[in-house]
Amino acid sequence: MDKRWIRDGQVMDKRWTRDGQEMDKRWTRDGQEMDKRWTSGNTGLVGGSVPVFDEVVISTSLMSNIESVDELSGVVVCQAGCVLETIDQHLEQFGFMMPLDLGAKGSCHIGGNVATNAGGLRLLRYGSLQGSVLGLEAVTADGTVLDCMSSLRKDNTGYHIKNLLIGSEGTLGIITKVAILCPVRPQAISLALLSLDSFSTALATACRAKSMLGEILSSCEFIDASSMECVTKNLNLVCPVAAANCYLLLETSGSNGEHDQAKLEAFLERSMEESGVQDGTLASEPSRMSKIWQLRERLAEALLLEGYVFKQDISLPLTEYYALVEKTRLHLGNKVSRCCGYGHLGDGNLHLNITVPHYSHEVARMLEPWLWEQVAACRGSISAEHGLGFKKRNDIHFSKAASAVALMQQIKKLMDPKAILNPYKCIPDIY
Ligand code: 2HG
Ligand code: ZN
């Protein structure tokens, strides 16, 4: 193979040939040329924090103290109204980071994140909040302050009430404080953006990234051509790789820059051998990484500029991931302006977004329950990380058995007999 690299502006004099054949592909690193080419912050997307009928809104904004950081274990204890990004910035001085990162980090509150079991961009690496939240405090319907504030990694004493509250969308208690296990802040971070000819190449490349990058892979995000066109056009952003059908954004983070680079280079060299991998760029410089991240993180904002957006947050088996976007596109035809897909490919979470100039009843009716039937047919989930909120609570049966929903309703009745905690949300009414 004959490919050249440029690292931080420097041409790396490293070439590979295979069977004497030159591969005409190049990379850019940090923008330098090579040749070819995610409550309480009210940031939820399913109306979970929106008062609809007779609700009273309780703000946790003033509960914004970060109470402690345990420098040995990496456990941060903070109040529910702390902004996610603020906690992360605070942790920097101790060498830790928040295990959760999402587009709304600058305004979302940790209490809301925990209440919705928010997923985000790095779940692939750091797991879900069900695992990272070691303890919490919540106020229950009768005013009891429920103290589940453990900071222990292991604690199998009785039922895990804490885990019941995580993801309950405020329907079983108001989370007031949390203890979160934080990973060590990485010393070296790199970001690769690849353009690919098809979803199957993207999937094969993502699988290769998982196996070749292993423990240093911290994010594996997918963007389709329509999404990329939307974010670049509507927000005047520049995509640094050649236009293609699909894009993969792969982030590595680790404790040893040299080791990580060697792994990443081996992965990229191998990937560039594939004819379907069309172009790529690699960045390690923070401002360049941030520019590339914007192409993914600002997609939701870019879509909003097109009018009304039907937003879907779906978990699917990887083989069905993009097929659903294509099926939906065919199903809706010219009734919509755009039907695009992006999301957390690394954990099977697709964000299917459909834009129309103005809200359309016709499109709404064409979309649901048709879409939920497609998702249920392949045993996917109608809400991967955003929750059910007000919008999807009555569709829960597409993803959960009737017996499970009935048990949820009994738990709700037991913990909130007067239905005063975030009513009309998350599960169908029983009262
Ligand atoms: C993200 O991953 C958020 O960016 C929002 O979960 C998803 O815009 C969306 O549909
Ligand atoms: Zn997401």
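If you look the chain up in an unreviewed UniProt entry, it shows as D-2-hydroxyglutarate dehydrogenase, mitochondrial from Hyalella azteca. Quoted verbatim from the Subcellular location (unreviewed entry) field of the UniProt record, the comment on the chain reads "Peroxisome". The heading Catalytic activity (unreviewed entry) in the UniProt record of the chain holds the text "(R)-malate + A = oxaloacetate + AH2".

Novice: Where do I start with the overall build of the chain in this structure?
Specialist: Looking only at helices and strands, the chain has 14 helices and 15 strands in total. In terms of overall dimensions, the chain is globule-like: its C-alpha atoms have a radius of gyration of 22 Å, near the 22 Å expected for 431 residues. Looking at the chain residue by residue over its 431 residues, the buried ones come to 52%. When the accessible surface of the chain is split by element, carbon and sulfur atoms take 52% of a total near 19,300 Å². Side-chain charges in the chain split into 43 positive and 51 negative, and the spacing between the mean points of these groups amounts to 3 Å.

Novice: I'm lost on the packing of helix H6 (residues 199-213) against helix H8 (residues 257-272) in this one. Help?
Specialist: Axes are the key here: two packed helices are described by the angle between their axes and the distance separating the axes. Closest axis-to-axis distance for the H6/H8 pair is 10 Å, and the angle between their directions is 150°. One finds that H6 runs roughly antiparallel with respect to H8. Crossing angle aside, the handedness with which H6 passes H8 is right-handed. Along its contact with H6, which presents Thr 205, Arg 208, Ala 209, Met 212 and Leu 213, the element H8 presents Lys 263, Leu 264, Ala 266, Phe 267, Arg 270 and Ser 271.

Novice: Teacher, can you tell me more about the pairing of strand E11 (residues 246-254) here?
Specialist: Two faces, one strand: in a regular strand the side chains alternate between the faces of the sheet. Of all the nine residues making up E11, nine are buried; the element is thus mostly covered by neighbouring parts of the structure. Burial along E11 is two-sided: the face carrying Cys 246, Leu 248, Leu 250, Thr 252 and Gly 254 and the face carrying Tyr 247, Leu 249, Glu 251 and Ser 253 are both buried. Bridging between strand E9 (residues 188-196) and E11 involves nine bridges; their strand directions are antiparallel. Its bridge partner being in E11, Ala 192 is matched across the sheet by Leu 250. Bridge count for strand E10 (residues 217-224) against E11 is seven bridges, and the pairing is antiparallel. The partner of Phe 222 across the bridge, within E11, is Leu 248.

Novice: When you look at unusual backbone geometry in this model, what are you seeing that I'm missing?
Specialist: Generally, phi is negative for residues other than glycine and the peptide bonds are trans, each holding for most cases. The residue after Glu 368, namely Pro 369, is reached through a cis peptide bond having omega 10°. Positive phi values are uncommon outside glycine, yet Asn 117 reaches one of about 50°. Of note, Asn 117 is situated in the loop between helix H2 (110-116) and helix H3 (123-126). Look at Arg 379: it is not a glycine, yet its phi comes out positive at around 55°.

Novice: Help me understand the coordination of the zinc ion (ligand 2), please; the structure alone is not making it clear to me.
Specialist: Six octahedral donors around a metal ideally sit at 90 or 180 degrees from one another, while four tetrahedral donors ideally sit at 109.5 degrees. Taken together, His 344 (NE2), His 351 (NE2) and Glu 385 (OE) make up the full set of protein donors to the zinc ion (ligand 2), lying 1.9 to 2.1 Å away. On the primary sequence, the residues serving as donors to the zinc ion (ligand 2) are separated as H-x6-H-x33-E. Remark: Glu 385 occurs in the loop between helix H13 (370-377) and helix H14 (402-415) and His 344 occurs in strand E14 (residues 338-344); sequence separation between them is 41 residues. Exposure remark for His 344: the relative accessible area of 1% places this residue in the buried category.

About the cut-offs
- Residues numbered from 1 in each chain as written.
- Chains lettered and ligands numbered in written order.
- Predicted model: local features only at pLDDT ≥ 70, side-chain atom pairs only at ≥ 80, totals over all residues.
- Heavy atoms only, no water.
- UniProt positions renumbered as here; feature names shortened; annotations may be inferred.
- Helix = DSSP H or I, 4+ residues; strand = E, 2+ residues; numbered from the N terminus.
- Rg over C-alpha atoms; globule rule 2.2 N^0.38 Å.
- Buried < 20%, exposed > 50% of the residue type's maximum accessible area, 1.4 Å probe, protein only.
- Areas by Shrake-Rupley, 256 points an atom, 1.4 Å probe, with all protein chains shown as cover.
- Lys, Arg positive; Asp, Glu negative; His and termini not counted.
- Charge placed at Lys NZ, Arg CZ, Asp CG, Glu CD.
- Axes fitted to C-alpha atoms, helices over the stretch in contact; angles between N-to-C directions.
- Parallel < 35°, antiparallel > 145°, perpendicular 65-115°, else oblique.
- Left-handed = near helix turned anticlockwise from the far one by under 90°.
- Contact = heavy atoms within 4.5 Å.
- Pairing = 2+ DSSP bridges.
- Donors = N, O, S within 2.8 Å, 3.2 Å for Na, K, Ca; no water.

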